[in-house]
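Residues per chain are reported as follows:
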Amino acid sequence: MTLVILHKLPCIRSLAMNSLAHCVACLLVLFWGVNVAQASDKRPNVLMLCIDDLNDWTGFLGGHPAVQTPHMDKLAGQGRVFSNAHCAVPVCSSSRISVMSGLAATTHGSYELGPSYETIAKLEEVPTLHRFFHDNGYHTITGGKVLHHGFRGRLASSIDRNLQDRSGGPRPKKPLNLPDGWSKAWDWGAFPEKDEDMFDMQIATKAASVLQEDFDRPFFMSVGFFRPHVPLHVPPKWFAMYDEESLALPNNPLTDLDDVPANFLSINKFAAAPTHAAVVETGSQRSMTQAYLASISFVDQCVGIVLEGLAKSKHADNTIVVLWSDHGFHLGEKQHWAKRTLWEESTRVPFLIAGPGIEPGTACKEAVSLVDIFPTLIELCKLPKNSRLEGISLVPQLNNPEARREQPAITSSYFGNHSIRSRDWRLIVYRDGSEELYDHRRDPDEFNNLAGQPAFQTIRNELAQYIPRSATPEVKQRSELPQQ
Ligand SMILES: [Ca+2]
Ligand SMILES: [Ca+2]
């Protein structure tokens, strides 16, 4: 139709033909330009896999003797595991805000669910990891739970492509096993029937499919899975992998809390988690432990689907894979369930990096933090330095797992409570001045609190140098506080 009109109107035709020639020329230049960009931009892609509430119960960390995580274990065997890695804050949204900003909680002020990244005054000028990669020429893709509240407001334009916002479902119409009086978030059981109905699986499948595409620039893809966050609903085949009656329960001596300051529970004020006593009294401990293990194996399958997608794509040899969980999870240790404590079960996370130039092999045992992800990726991808960042690049440890680090991993839970974790020690200092000190070489379960013993004063003082001297007051947004 267009050509007919042009034929009938010679002067317009002439003008149009000139414009057409100009457009063709432009397209050629553009095409040539893109090819040049493709040819010259050899920066690696990044695939970031974020897992929710996964503690050290993976095969490669050995946290539970029965756990089956073949896909994560395979990835661990291909890259560098950081076996002494810790979150900045042991709760979902704040931990993720630290990863995405590269800042400690004592800087941004988020210590609890509630305020989203874009509403926090201290982060107004701070680019997220996605923004930084986007503004440095990367194609940014995300799906599932990456930032707790999603990429909203001014963060939205940092994402070129959103695979799927919804995560965490589906949920049964009625709770399956929930004891009376518990938060609905804490249900568990075999549901739904099929993997493909799980939102996590849908995101994994979509991500694997997108990885088969061509991109005209390097990509930064983040994929966030919701399991093993409660409610612990996954299809029945994952429950069938674990025998409820015979599975090992955590070593949890009743006297363990006798040497612990009393205030750790008083800081844990918003948790919807049941008490350990309630879990035991309702006869739920084995069943809930089985559900957590089932959820881990399910999410491992999701990880496997994305990694299989990457392996068969043309991007396999030029993609850095980063896998991390936002914090750990208690299943009864120290009479506690879920997160928010400053103990090992709550702060320690699976964390590994694999990709071009990273020799597989020995795990790095130095204490590292999830705030180290941002500076590490910048260095690996040769992006400009970001002077705001508070983490330290892990490239020396990617090159040599024995390379030492001076800075311990600092975790904060609620305002004024901090844990300092070094290679061998953990010091916890609460807001009221009470302390715990553990020697991980002899006491990996943190049973024996050495704080206050003169023989350990020197190491206590060494660690205490790293306690934050000042801290941004907690950013509050109580009206938005969800149940869990
Ligand atoms: Ca979480
Ligand atoms: Ca103890």
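Above this text is the structure in question.
**Comments concerning the coordination of the calcium ion (ligand 1)**
- For the calcium ion (ligand 1), the full set of protein donor atoms is Asp52 (OD), Asp53 (OD), Cys92 (SG), Asp326 (OD), Asp326 (OD) and His327 (NE2), and the range of their distances to it is 2.1 to 2.7 Å.
- Between the donor residues of the calcium ion (ligand 1), the gaps in sequence give the motif D-D-x38-C-x233-D-H. Of this pair, Cys92 sits in helix H4 (residues 92-101) while His327 sits in the loop between strand E9 (319-325) and strand E10 (330-331), and the two are 235 residues apart along the sequence.
- By relative accessible area, His327 is classed as buried at 0%.

**Focus: unusual backbone geometry**
- Along the chain, Gly169 connects to Pro170 via a cis peptide bond; the corresponding omega equals 0 degrees.
- Relative to the helices and strands, Pro170 resides in the loop between strand E5 (161-162) and strand E6 (188-190).
- Positive phi, close to 55 degrees, is recorded for Lys334, a residue that is not glycine.
- Along the chain, the position of Lys334 falls in the loop between E10 and strand E11 (337-338).
- On the accessibility criterion, Lys334 (2% relative accessible area) is buried.
- Positive phi, normally seen in glycine, also occurs at Glu446, with a value near 55 degrees.
- Tracing the sequence through the fold places Glu446 in the loop between strand E18 (435-439) and helix H14 (457-464).

**Considerations on the sheet that holds strand E16 (residues 418-421)**
- Taken in spatial order, the four strands make up an open sheet running E15-E16-E17-E18, and their pairing is antiparallel. In this open sheet, the two edge strands, each paired with only one partner strand, are strand E15 (409-412) and E18. Across the sheet, the mean angle separating the axes of adjacent strands is 10 degrees when strand polarity is ignored.
- The pairing of E15 with E16 spans four bridges and is antiparallel. Residue Ser412 lies in a different strand from E16, and its bridge partner there is His418.
- The strands that H14 touches are E16, strand E17 (425-429) and E18; relative to E17, the one it contacts most, it runs at about 70 degrees.

Conventions we followed
- Residues numbered from 1 in each chain as written.
- Chains lettered and ligands numbered in written order.
- Predicted model: local features only at pLDDT ≥ 70, side-chain atom pairs only at ≥ 80, totals over all residues.
- Heavy atoms only, no water.
- Donors = N, O, S within 2.8 Å, 3.2 Å for Na, K, Ca; no water.
- Helix = DSSP H or I, 4+ residues; strand = E, 2+ residues; numbered from the N terminus.
- Buried < 20%, exposed > 50% of the residue type's maximum accessible area, 1.4 Å probe, protein only.
- Pairing = 2+ DSSP bridges.
- Axes fitted to C-alpha atoms, helices over the stretch in contact; angles between N-to-C directions.
- Contact = heavy atoms within 4.5 Å.

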